[in-house]
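One-letter residues, chain by chain:
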There are 2 protein chains.
Amino acid sequence: MKPVRASPVHLKIKPIAINTFRENVLILSRDCHALRPERLKGSRKVEITRGSERLLATVIIAEDPLLVAPDEVGLTQPAFRRLGAPAGALANVASAPPPSATSAIFDKIRGDTLTPAQLTDVVHDLVDHRWSDMEIAAFLVACASFMTADETLALTDAMARAGKRLQWDNRLVVDKHCIGGVPGNRTSLIVAPIVAAHGLLFPKTSSRAITSPSGTADTMEVLARVDLDEQEMRAVVEECGGCVVWGGRVDLSPADDVLISVERPLSIDTPDQMVASILSKKLAAGSTSLIIDVPVGPTAKVRDTRAALRLRKLFEFVGSRLGLHIDVIMTDGSQPIGRGIGPALEMRDVLAVLRSASDAPPELTDKAVKLSGRLLELDPEVRGGQGEARARELLGSGAALKKMEQIAEAQGPSPISNAIGSLVHEVAAKKDGWIDGVDCLRIARIARLAGAPTDPGAGIDILKRKGDNVRAGEPLYRIHGVERADFDYAASAADAESGFHLT
Amino acid sequence: MKPVRASPVHLKIKPIAINTFRENVLILSRDCHALRPERLKGSRKVEITRGSERLLATVIIAEDPLLVAPDEVGLTQPAFRRLGAPAGALANVASAPPPSATSAIFDKIRGDTLTPAQLTDVVHDLVDHRWSDMEIAAFLVACASFMTADETLALTDAMARAGKRLQWDNRLVVDKHCIGGVPGNRTSLIVAPIVAAHGLLFPKTSSRAITSPSGTADTMEVLARVDLDEQEMRAVVEECGGCVVWGGRVDLSPADDVLISVERPLSIDTPDQMVASILSKKLAAGSTSLIIDVPVGPTAKVRDTRAALRLRKLFEFVGSRLGLHIDVIMTDGSQPIGRGIGPALEMRDVLAVLRSASDAPPELTDKAVKLSGRLLELDPEVRGGQGEARARELLGSGAALKKMEQIAEAQGPSPISNAIGSLVHEVAAKKDGWIDGVDCLRIARIARLAGAPTDPGAGIDILKRKGDNVRAGEPLYRIHGVERADFDYAASAADAESGFHLT
């Protein structure tokens, strides 16, 4: 059927100093006669074109002609920036049907599987910001009810192709990723310098915290600048053989960023979306071999071995079809790894491990060595079974620390403070007992409430671990804060429910 | 787990002359230090409280302090109206977790069924406008993948209870509803005066067009005022025994209006949502007996008898549990019913039937008589099988016409024109042939494109029906238009693809 649409009208562009985050939003006057906004009520979706630029946007209505006059179209950010036309220029505005790829939503709702071509169209629409948040939510939930492995494969492939794609000369480009959910656990910042010190290429792009108290990029930022663009990142990798930067300026798998902006507020975290998200980023980053850390525990993202196995198979299936060697490692997700939770506290632990300090958390060292060992054995020169020993050697000799210092210097000085928050509250055991469980979600929430990662010095310092015996009144962990109001909230939340379970 | 949230801050209310339709939207300054908007990125959801009033809203960011200053909170419409506080007053603003009822979304995604208590919480959140469009979309799509009959029952019940509930003294309160999808088909406007003329109570609230060229309320508005509030509606029903008003001012099942505002742009139209939507409105309107017209045809909402049967069972199950007697009638949905499509053209047909005019479309008369007959037989005084004869008697005697005139006068004079659009284009057959199908969707779209229902005189006048033989060049239908640009678009769309299939 031919598309049926109303005729466009010419309106003067007026930038409006409102930022609508990811979504394109236009403001039309209540009296914009030619467009008759009341007719848009069914869809609220319009297309604005100026020369060869074309945006789909959601409409809201100005009730005051001083804000937007009847012959004007108000462009909020980011729509104004994306259209790229000057204020006062004329643009065509027409009501628009939903983008054709949204039919994929209805196909999924009906229980159909989507073809690679359909999924490619969806990804292009997402990258061009043609879908509203509502449409993205509908697509994600429809996919959550079921997705075949082939669909996940096609989605991953389309996402990886839709942005920039880094190329490296090396035959072996390694990376390490954790699916998250366990506070602390900052192994990437130890694995990176070990592996790079050995001589394997480790060009790591990492994320900032979304719902956690710190992302790898947030913690690294305590030591060095992380918001490098592609050229700056390349220079660091060429000099050091590795880096740990924030991926946000490198434009890898931009469709993933769009999907995450909706998954996050809806807490959608299905295996399929996780695989497509992680692998599309790694493929775009030019990785050839990837270790994936899947913590398994009652309050981790993956709750049992069966779910972990299913996830592993999906990672392996998609990875093998797209030429990415994948090694999925299931790890202990029953409690935080390391002592510090929050950027500055985590960096303190990372440096303690790299310095082989006596107070380095042993489980953080052990886990980083284990993961590094698996990567090092990808080097034909390293004998099977010798990876961990080589990793310990690079740690013990100070080679890893030196590599980290080199990377940090190459990335540039940190723009933030490394001071640990001076407001301190100790959360005490309410009774004598044996710690039989730690709620990762609760600990993460309290650390975040204390101000992490916005205040790099805020967070939690864990003093006791699962299996320890404690006496009533003995401290379980310390909360560190920077802002008084946040700190007080975190302290009272922790006193009400600490997240430590004693029997 | 106890909720964990940031501390509230006091900001001055500033009304912003922007209308965001249904959703509550607040504007905070980029420099609103106390709230640190960058920390909201994860959720963008805040709670604003002033006295006992409390709203959940989505945040957008002002980049210009002249628009919203750091110590202000900008309230767009409808949020400003809903909070009900004056400009300049102080309100508390705090970041807010998603409303607890949104956990129902995740439960549905996981494949759980929801309890009546959960569904009641969802409905209360919807009525209080606590959910974003994104959350509503996620809920609807999660429900679309499967819903049990018990869930549909509980949702319907909760929706019916969540708004106003009309009470009538009569033991028997009848209504008639069509699930839609077939252009024209304006039987309610004929059934209402027939049934009311007989003496059954028929207090009809109807809807305006959403995606169709006219709703019952749009067509009635050509004859009389329809935007009556509850008191005005009661007065008309007391005087006339019936009415045909727009339901929008009567506040029946307000949760339904919220759901529809998201279902509509996403084209979500599942049997479960349809049953909950229709029956919650009818229960709230105080109906005791309801006839539901389910047109079945290849381009209607229901495509085959099996789907129609499943829908009938669901209507009957929910209706019987909630004390509403339901009679589902499957009708021919293979082509438009009546000749006119669009408010003025449809009202022309309705009046022709009520006047027993020689040019009254016979299939419209027959269908209205059939439906009226089923309702009339609910009267113990009418013998089984005599309903249709009684309906024809009321039509033929002029009693139904007189009743319609009485209702129209009681509702008040129409605020719009009843003139049929003077721009006319005839859409001709491109070859000789026999009409073996009419695409209802295409016809509806062309009529809407011509301007219906915004221009009441715009629409389509059907000249040929399924089964007719036509010669090349012979007109199939006429397009009527009011606005030249819309009319031209409709005409060219129709010439490209008429919606009539000839063999």
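Everything numeric here is computed off the predicted structure, so don't read it as measured data.

Scoring rules and cut-offs
- Residues numbered from 1 in each chain as written.
- Chains lettered and ligands numbered in written order.
- Predicted model: local features only at pLDDT ≥ 70, side-chain atom pairs only at ≥ 80, totals over all residues.
- Heavy atoms only, no water.
- Phe/Tyr/Trp six-rings, centres within 6.5 Å; stacked < 30°, edge-to-face > 60°.
- Helix = DSSP H or I, 4+ residues; strand = E, 2+ residues; numbered from the N terminus.
- Buried < 20%, exposed > 50% of the residue type's maximum accessible area, 1.4 Å probe, protein only.
- Lys NZ or Arg CZ within 6 Å of the ring centre and 35° of its normal.
- Axes fitted to C-alpha atoms, helices over the stretch in contact; angles between N-to-C directions.
- Parallel < 35°, antiparallel > 145°, perpendicular 65-115°, else oblique.
- Left-handed = near helix turned anticlockwise from the far one by under 90°.
- Contact = heavy atoms within 4.5 Å.
- Nonpolar A, V, L, I, M, F, W, Y, C, P; charged D, E, K, R; others polar.
- Pairing = 2+ DSSP bridges.
- Lys, Arg positive; Asp, Glu negative; His and termini not counted.
- Salt bridge = Lys/Arg side-chain N within 4 Å of Asp/Glu carboxyl O.
- Polar contact = N/O pair within 3.5 Å; in protein donor to acceptor, adjacent residues only side chain to side chain.

Caption draft 1: Summary view of the packing of aromatic side chains. Applying the stated rule across the entire model yields four aromatic pairs over all chains. Measuring from centroid to centroid gives 5.6 Å for A:Y477 and A:F500, while their planes differ by 35°, and the two rings are tilted. Of this pair, A:Y477 sits in strand β17 (residues 475–481) while A:F500 sits in strand β18 (residues 500–502), placing them 23 residues apart in sequence. Just as A:Y477 is buried, A:F500 falls in that class too. A cation sits over an aromatic face here: B:K108 above B:F146, 4.0 Å from the ring centre. If you follow B:R208 out to its NZ or CZ, it ends over the ring of B:W246, 5.0 Å from the centre.

Caption draft 2: Quick peek at the packing of helix α10 (residues 271–284) of chain B against helix α11 (residues 305–321) of chain B. All names here are of chain B. Put simply, α10 and α11 touch, their axes get as near as 10 Å, and they point 40° apart. Looking at the two axes, α10 sits oblique to α11. Where α10 crosses over α11, the two elements pack in a sense that is right-handed. Together, P271, D272, M274, V275, I278 and L279 of α10 and R310, L311, L314, F315, V318 and G319 of α11 make up the contact between the two elements. Residues that form the contact of α10 with α11 fall into these classes: nine nonpolar, one polar and two charged.

Caption draft 3: Molecular detail of the pairing of strand β9 (residues 242–246) of chain A. All names here are of chain A. For β9, the buried fraction is high: four of the five residues fall into the buried class. Strand direction decides the pairing type here: strand β8 (residues 202–206) and β9, joined by five bridges, are parallel. Bridged to P203 within β9 is C243.

Caption draft 4: Structural context of the environment of B:A17. Note on placement: B:A17 falls in strand β1 (residues 9–19). On the basis of relative accessibility, which here comes to 28%, the residue B:A17 falls in the partly exposed class. Placed 179 residues apart in sequence, B:A17 and B:A196 show a C-alpha to C-alpha distance of 45 Å. Apart from residues no more than four positions distant in its own chain, B:A17 is found in contact with A:I61, A:A62, A:E63, A:D64 and A:L67.

Caption draft 5: The arrangement of the side chain of A:E72 in detail. Residues and elements named next belong to chain A. Along the chain, E72 falls in strand β5 (residues 72–77). This buried residue, E72, is left without a salt bridge; K14 holds the nearest opposite charge, at 4.2 Å. Within the structure, E72 has its side chain in polar contact with the backbone nitrogen of A69 (distance 2.8 Å). Setting aside anything within four residues of it in sequence, one finds E72 in contact with L11, K12, K14, L28 and L67.

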